[in-house]
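Fold and geometry: a report
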Amino acid sequence: MSSQLSRRLFILQMLLFITACAGEETSNQQLELVIGVISYGEGKQALERFVRFRRYLGEKTRAFIQLEPTFNENIAIERIQRRAWSLVFAPAGLAAIASANYQYLPIFPLQVESTSRAILVVRKDSPLRQLKDLQNKIVALGLQGSATGYYIPLYNLYGLTLAEILFAPTPKTVLEWVVQGKAAAGAISLEEFNLYRRKLGAAEFRILFSDSQSVPPGAVLIGSNIEKNRQERIRNYLKDAPPNLIQDVGYVPNAEAPNYQYMISVVKRVTSIAARLNSKPVRLF
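All of the points below concern the structure found in this document. Everything numeric in this text was worked out from a predicted model, so none of it was measured.

About the cut-offs
- Within each chain, residue numbers correspond to sequence positions counted from 1 in written order.
- Note on the predicted model: pLDDT of at least 70 is required for a residue's local features to be given, and 80 or more for side-chain atom pairs to be given and counted; whole-chain, interface and lining totals, by contrast, use all residues.
- Each side-chain value is derived from all of the structure's non-hydrogen atoms; neither hydrogens nor water enter the calculation.
- The helix count covers DSSP runs of H or I at least four residues long, the strand count covers runs of E at least two residues long, and both are numbered beginning at the N terminus.
- Convention adopted: a line fitted to C-alpha atoms gives each axis, helices being fitted over their contacting stretch, and angles between N-to-C directions are expressed from 0 to 180 degrees.
- Throughout this description, any angle smaller than 35 degrees is read as roughly parallel, any larger than 145 degrees as roughly antiparallel, any in the 65 to 115 degree range as roughly perpendicular, and the remainder as oblique.
- Two helices crossing with the near one rotated counterclockwise from the far one by less than a right angle form a left-handed crossing, whereas a clockwise rotation gives a right-handed crossing.
- In this description, contact between two residues means that some pair of their heavy atoms is separated by no more than 4.5 Å.
- Gly is put with the polar residues, along with every residue not named as nonpolar or charged; the nonpolar set is Ala, Val, Leu, Ile, Met, Phe, Trp, Tyr, Cys and Pro, and the charged set is Asp, Glu, Lys and Arg.

What to know about unusual backbone geometry
- The amide bond that connects K280 to the next residue, P281, takes the cis arrangement and shows omega of -5°.
- Note on placement: P281 falls in the loop between α11 (261-271) and β12 (282-283).
- Notably, R83 is not glycine yet its phi reads approximately 55°, a positive angle.
- With respect to the element layout, R83 can be found in the loop between α4 (73-81) and β3 (87-90).
- Although it is not a glycine, Q103 adopts a positive phi angle of roughly 60°.
- Among the secondary structure elements, Q103 is positioned in the loop between α5 (92-101) and β4 (105-109).

Looking at the packing of α4 against α5
- As a packed pair, α4 and α5 sit with axes 11 Å apart at the nearest point and diverge in direction by 20°. Taken as axis vectors, α4 and α5 run roughly parallel relative to one another. Here α4 runs over α5; the crossing is right-handed. Counting all contacts with α4, which are made through A76, I77 and I80, the residues of α5 involved are L94, I97 and A98.
- Of the residues assigned to the contact of α4 with α5, the class counts are six nonpolar, no polar and no charged.

Notes on the packing of helix α6 (residues 147-157) against α11
- It is the contact of α6 with α11, at a shortest axis distance of 9 Å, that shows an interaxial angle of 70°. Relative to α11, the element α6 is oriented roughly perpendicular. Along this stretch, α6 crosses α11, giving a crossing that reads as left-handed. Touching A147, Y150, Y151, I152, L154 and Y155 of α6 are Y262, M263, V266, V267, R269 and V270, all from α11.
- Across the contact of α6 with α11, the residue classes tally to 11 nonpolar, no polar and one charged.

In structure tokens form, the structure reads like this:
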């Protein structure tokens, strides 16, 4: 009887030992947080901007912080769909999709120098004068996920028939295609227009149409796959970060997260015609 009891005690001690070791191994596994940003081909600059921020967040969370710059919105949407990003620094269109469809939570707005607007531009010598003049013309858009390059222009072009839609990988490419005559008009934000037109030499443009609605700022979003208490701690770490780190990565810690209800309604309207966008001609109704 005593030998049976001893064996039971031994087995029980071994089970407790194995459980303790497994718990210690789990606790020693370092948490990994992946930060997603859209770099439009300027990945090196993005890495440099986030150096101090990654170090700060890693020290606070005791996690390995990885930065993943993506070339454009298409890649970013794929990463968001897979919930591969823990934190996302997203422009408005992408933020609306992430929050409406994939349970990402906006926590802070991104810094903006001025109110953003979606515009359609043409060459200065173009005969086009109104939005309806784009009927049966080729138009260059940005990629799915861009508020000013994709969703808002399609929302405004609703009801027209276009000869073709070209999808540009970057805002600069939109302007290049307009200059080259590949597209009669191109969709871009006013800020991107002012930035990239200076890089195209003597090329001259004219704004054909400017949307009346201001585009909300982008946002820092946190993934739903992060446990609630950890979400709140990360939010507090970002709120209390040193001002120079906040300036590096460009968010506003003392402001409410943007309201994306209007953007979400635009996304839904455009999604209803998205299956037709690669046809020729393109009927936007």
